[in-house]
Amino acid sequence: MSLSASHNPSLNRHVRALLVSGFLIAFPITMLTYLWSHHSISTWLLAVSSFNIEIIIKVLVSLAVYSLFLIDAYRTTFWERLDDYVYYIKAFGNTVEFCFGIFLFLNGVYIMAFVSGGAVRASMMCIHAYFNIWCDARDGWRVFIKRRTAVKKIESLPEATSDQLEELDDVCAICYQNMGSAKITKCNHYFHGVCLRKWLYVQDRCPLCHDILYKAEVSNLPTQDTNHFQDLQHIIDAENS
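Here is what the cut-offs are and how they apply
Residues numbered from 1 in each chain as written. Predicted model: local features only at pLDDT ≥ 70, side-chain atom pairs only at ≥ 80, totals over all residues. Heavy atoms only, no water. Phe/Tyr/Trp six-rings, centres within 6.5 Å; stacked < 30°, edge-to-face > 60°. Helix = DSSP H or I, 4+ residues; strand = E, 2+ residues; numbered from the N terminus. Buried < 20%, exposed > 50% of the residue type's maximum accessible area, 1.4 Å probe, protein only. Lys NZ or Arg CZ within 6 Å of the ring centre and 35° of its normal. UniProt positions renumbered as here; feature names shortened; annotations may be inferred. Salt bridge = Lys/Arg side-chain N within 4 Å of Asp/Glu carboxyl O. pLDDT = per-residue confidence, 0-100. Contact = heavy atoms within 4.5 Å. Axes fitted to C-alpha atoms, helices over the stretch in contact; angles between N-to-C directions. Parallel < 35°, antiparallel > 145°, perpendicular 65-115°, else oblique. Nonpolar A, V, L, I, M, F, W, Y, C, P; charged D, E, K, R; others polar. Core = buried A, V, L, I, M, F, W, Y, C linked by side-chain atoms within 4.5 Å. Domains from an automatic or database assignment.

Taking an unreviewed UniProt entry as the reference, the chain is identified by name as Protein TRC8 belonging to Sipha flava.

And the structure:
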C-alpha cells in the first residue's frame, strides 16, 4: 500500500509488487485446477482448496485497495469517498476470510468425528477457533462499532456552507487539502468530515485546540443518569446559596 500512497516514481517497484501478486493468484489457481482434476472430493481437498481460495481473495483485496490509493495519489482534489471504499473492500475480504475460517473449523470437526481424532488435532482446532474465528470476529466487531460511533458523532456536527468555506479560505488541518465540504466543530474549527471521522477513531478531542469534539446532551442520557445529574446540580446550587 505504501507504494501507491507515496506516489512512488519507481516503476520497477510497482512492477515487482504486481508480479508477486500475479504469482500469488496464478499459482493457487493452477494448484486448484490440478487437484480437482486428479483427486476426488475429500475433506483434505476441501481444506486445501479453502486455503488457496482464501489466498486469492486476500491478494485481490490488496490489489483493489492498492488501485484505489494509486488513483488517489494522482488526483488533484480530495477524494472523500476513498475511506469508505477501502473500508467496504477490506470488510468484504475479512468477511470471506471469517467464513472460510468457520468452514475449516467445521471440516476439522467432521474429520475428528468420522475420520480420525487425536489430542494434537483437537489442540490445533482450538488454536484455529481462537485466533482465526473468535479474535477476527471480536476485532471486526470493534472496528464496526468504532466506525458507527464516529459516523454518529460526525453527523451531529453542522455542515459548513459554501459561503463559510469561502470566507475561511483555508485547508483541512488534518490532511492539508482544500475543503470543498467541511464539518464545523463546537469549538468552531473546520475539517473534512472523513478526516474528522478517522481522527475520532483515535481520540475525541479537536486536533487544533484539544477541546472535546462530542458531548452527549443531558436529554439523551438514561433516566437514572439524568436524575443523578439533576441531584448534583441541586447540591451545587444549595452550596452556592
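Observations concerning the packing of aromatic side chains
Think of a pair of aromatic rings as described by two things: how far the centres are apart, and how the planes are tilted against each other in angle. Using the criterion set out here, one finds six aromatic pairs in the structure. Ring centres of F23 and F27 lie 5.6 Å apart, and the angle between their planes is 25°; on these two criteria the pair is classed as stacked. In this pair, F23 and F27 both sit in helix 2 (residues 11–38), four residues apart, roughly one turn of the helix. Both rings, one in W141 and one in F144, keep their centres 5.5 Å apart while their planes meet at 35°; by these two values the pair is tilted. Placement of both W141 and F144 in helix 5 (residues 119–155) is noted, with a separation of three residues, approximately one turn of the helix. For F144, a relative accessible area of 35% gives the class partly exposed. Stacked on the ring of Y87, the Lys or Arg R147 has its end atom at 4.0 Å from the ring centre.

Comments concerning unusual backbone geometry
The backbone of N188 shows a phi angle near 65°, a positive value even though the residue is not glycine. Among the structural elements, N188 can be located in the loop between strand 1 (183–184) and strand 2 (190–191). A positive phi angle, close to 65°, is found at H210, a residue other than glycine.

Let's talk about the UniProt feature "transmembrane region" (unreviewed entry) in the chain
According to UniProt, the positions carrying the feature "transmembrane region" (unreviewed entry) are residues 15–37, 44–71 and 91–115. End C-alpha to end C-alpha, residues 44–71 measures 41 Å, and it is 100% helix and 0% strand. Span residues 91–115 is 96% helix and 0% strand, its end C-alpha atoms 35 Å apart.

Brief notes about the UniProt feature "domain: RING-type" (unreviewed entry) in the chain
Sites flagged by UniProt as "domain: RING-type" (unreviewed entry) map to residues 172–210. Secondary structure within residues 172–210 divides into 21% helix and 10% strand; the distance between the first and last C-alpha atoms comes to 16 Å.

Looking at the pattern of salt bridges
For the structure shown, the criterion picks out ten salt bridges. Linking D83 and R147 is a salt bridge whose minimum nitrogen-to-oxygen distance equals 3.3 Å. One end of the pair, D83, is in helix 4 (residues 82–114); the other, R147, is in helix 5, with 64 residues separating them in the sequence. This pair shows no difference in class: D83 is buried, exactly as R147 is. If you follow the salt bridges from partner to partner, you end up with R81, D83, D84, R147 and R197 in one network.

Some remarks on the confidence of the model for the chain
Averaged over the chain, the pLDDT score is 85; the fraction of residues at 70 or greater is 85%. Note that pLDDT drops below 50 for residues 217–226; the model gives that stretch five contacts with residues more than four away or on any other chain.

Focus: the packing of helix 3 (residues 43–73) against helix 4
In the contact formed by helix 3 and helix 4, the axes pass within 10 Å of each other and the chain directions differ by 175°. One finds that helix 3 runs roughly antiparallel with respect to helix 4. Class assignment for the residues of the contact of helix 3 with helix 4 results in 19 nonpolar, four polar and five charged.

Description of the nonpolar core
Side chains that are nonpolar tend, in soluble globular proteins, to be buried together. In this structure, A160, L165, M179, A182, Y190 and L196 are the most contacted members of the largest nonpolar core, which totals 18 residues. It is helix 7 (residues 193–200) that provides the largest number of residues to this core, a total of three residues. When we break this core down by domain, the ones giving at least three residues each are domain 1 (11–156) and domain 2 (159–201). The next biggest cluster of nonpolar side chains, apart from the first, holds nine residues, and it includes I57, L68, W79 and V86.

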